[in-house]
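# Chains, contacts and geometry: an overview
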Amino acid sequence: MSSTQILLLIGAYFLMLIIISHFTGKNDSNDDFFKAGKTSPWYLVAFGMVGASLSGVTFISVPGWVADSQFSYMQVVLGYLLGYLVVAFVLLPLYYRLNLTSIYEYLLERFGTVSHKTGAFFFFISRVLGAAFRLYLVAIVLQQFVFDDLGIRFEFTVIISILLIWVYTNKGGIKTIVWTDTLQTFFMILAVVLSIIFINRELDWSFGEFLASDELSEYNKFLFTDSLLDRNHFLKSFVGGMFVTICMTGLDQDMMQKNLTCKSLKDAQKNMVSFSFVLVGVTFLFMLLGALLFIFAKRNGVAIPLMDGQPKTDLLFPEIALNSGLGITLAITFMLGLIAAAYSSADSALTSLTTSFCVDFLNIGKKKEEEQKKVRKQTHIGMSVMLVMVIIAFKYILSSNVIDSLLTVAGYTYGPLLGLFAFGIFTKHQIMDKYVWLVSLMAVVLIALIANIPTEYLGGYVMGYELLPLNGLLTFIGLWLIKERKVKLD
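Residues numbered from 1 in each chain as written. Predicted model: local features only at pLDDT ≥ 70, side-chain atom pairs only at ≥ 80, totals over all residues. Heavy atoms only, no water.

## Structural notes on the nonpolar core
Phe59, Tyr95, Ile199, Met272, Ile320 and Met335 are the most contacted members of the largest nonpolar core, which totals 145 residues. Examining the composition of this core, we find that 19 residues originate from one element, helix H6 (residues 113-147), more than from any other. Within the second largest apolar cluster, six residues are counted, among which are Phe33, Cys358, Val359 and Val375. (Core = buried A, V, L, I, M, F, W, Y, C linked by side-chain atoms within 4.5 Å. Buried < 20%, exposed > 50% of the residue type's maximum accessible area, 1.4 Å probe, protein only. Helix = DSSP H or I, 4+ residues; strand = E, 2+ residues; numbered from the N terminus.)

## Some remarks on the environment of Lys117
Its place among the elements puts Lys117 in helix H6. Looking at Lys117, the relative accessible area reads 24%, which means it is partly exposed. Residues in contact with Lys117, not counting those within four places in the same chain, are Asp360, Phe361 and Asn363. A polar contact is formed between the side chain of Lys117 and the backbone oxygen of Asp360, at a distance of 2.4 Å. (Contact = heavy atoms within 4.5 Å. Polar contact = N/O pair within 3.5 Å; in protein donor to acceptor, adjacent residues only side chain to side chain.)

## Describing the packing of aromatic side chains
Under the counting rule described, the total for this entry stands at 25 aromatic pairs. Taken together, a centroid distance of 6.1 Å and an interplanar angle of 50 degrees make the contact between Phe14 and Tyr168 tilted. Separated by 154 residues along the polypeptide, Phe14 in helix H1 (residues 3-24) and Tyr168 in helix H7 (residues 154-169) bring together distant segments of the chain. A relative accessible area of 1% means that Tyr168 is categorised as buried. Centre to centre, the rings of Tyr95 and Phe421 are 6.4 Å apart; their planes meet at 90 degrees, and the pair counts as edge-to-face. Note that Tyr95 is positioned in helix H4 (residues 73-98) and Phe421 in helix H18 (residues 415-426), a separation of 326 residues in sequence. For the pair Tyr95 and Phe421, a shared accessibility class is recorded, and that class is buried. Aromatic rings pair up to connect Tyr13, Phe14, Tyr168, Phe186 and Phe187 into one cluster. Over the face of the ring belonging to Trp205 we find Arg299, whose NZ or CZ atom lies 4.6 Å from the ring centre. (Phe/Tyr/Trp six-rings, centres within 6.5 Å; stacked < 30°, edge-to-face > 60°. Lys NZ or Arg CZ within 6 Å of the ring centre and 35° of its normal.)

## Topic: the side chain of His233
Assignment of secondary structure puts His233 in the loop between helix H10 (214-217) and helix H11 (234-250). A distance of 3.1 Å separates a polar side-chain atom of His233 from the backbone nitrogen of Leu235. In this structure His233 touches Gln75, Phe224, Thr225, Asp226, Ser227 and Leu228, once residues within four positions along its chain are discounted.

The following block contains the structure:
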C-alpha cells in the first residue's frame, strides 16, 4: 500500500468523523461538550468504550508483546473484569448521586479544596502521559510507513494528528465522542477479525486448525503460577489488573465522563457490565492475532522491524499488514483499525483533560455565562499543544514496550487517587486537607524507591502491577495519619 493511498484513506476517515461532529456539535454548548446533555444510549456508550479502552496501544503493542510474555496479559485482563464490577456498583452510584461533571468534585465535597486539586492534578498527569503514550505509538507507525517516504519529520506527523482531533472535538466534545467512538470500535474489531482470517488463509489454515496447531502452543500460555517472585505471576497480575481498572476507568475522568452521559445510573451500570465482558473477548482476539503474527513471520522470514537501529516488536503488525504481500484489503483494514484505535482514546482524552482543567482548576461554573465557552475553547487549544509537546518528547526517552510502560506509569500516578477515594468512601473521617498534597507526593516517592530496589535485595522478587494498590495503600495510611477527630456525618 503506497504512502499516497494511506494518506487518502486517512483523509476519508477523518472526513467521516468531521461529518459526525457537524451533526453532534451544532449546539456548541458547554453542557453538550461536558455531559452530552445526559442523553447517550447506554449500549452506544458501552460499544464505544471498548475502542477507547483498547486504543492504539492494544492494537499494536499487545500483539507485539506475545513473543516475550506469551498470553500472560490475559491474567491482567481477567483482573480488569472484577475491577469493572467494582466501578459499576461502588463508584458509579456515588457519581450519579452527586450529579458530578468532574468526578474529582467528590474530593472537594468530601475533604476540601486541596484534596480536590490534588486528585485532579494526578488525573491530569496520568491522562496526559496515557494519551501521549497511545498517540506516540500510532505516530511512529505512520512515520515509519508513510511520512518517512514523503520526507516529513516526526514532529510534523504529531502536530497533524493532534490538529485533526481538535477539529472534530472542538464543538461537540463528549457528545461527538460517544458517536465517533462507536464507529472507531467497529473499525478496530473488524481489522482484528479480518487480519486473523487473511493471515490464516495465507498459512493455509482454518481458524480451528490454527487453534489446534503446535505452533500456537509455543505462545498461548497465560497462567503463570510457578513462583510468586516472578513479575507475571497470576496473583500479582490479577490483583494488579483489578486495581488498574478501578483507577484507570473508575477514577479517571476520561472514562467516567462517557458513563456520566447516560440517562440514569441503571443505564450506566448496564453499560459498564456489558462492556467489561466484551472487552475480555476482544482482548483475547488480540492475543491470538499476536501469536499468528509471530508464526507468520517465522515461516516467511519476516524480520522484526528496526527503529533507531533497535528491533521493535510494536512494528511487526504494521510490517506484515502493509509490506508482506497479503493484499490491499488487509492493508486498508489495518490502517483503518490503527487510526480508529489511536483516535478513539486520544479524542476522549483531549476532551476529558479540557473538562477537568475547566471544572477543577479554572472553576468554570463560577464564571459569567458569556465567558464560559471562551474559556473552554482556549483550554481545548492549550491541551492540544501540550499533548504535541509530550508526544515529541517520548520519541527521545521511550525505549520499552509501550503497553508495559503505560501500566508502569499508572502505578505511580493513579495510586494517590486510589488512596483518596478509598479513604473517602470506606471511612467517615475528616482529614487535615492542607497536608493531602504532601501525603500524596510522599506516597509516590516511596513507590518509586520501592520499585527501584534491586531484586537481589528482595530475594529475587520482581515488582509488577502490585505497585498500584501498594501506592494506594501508602496514601491511605498517610491520610489516616492526618485524620481529624471529628468524622464525616451522613
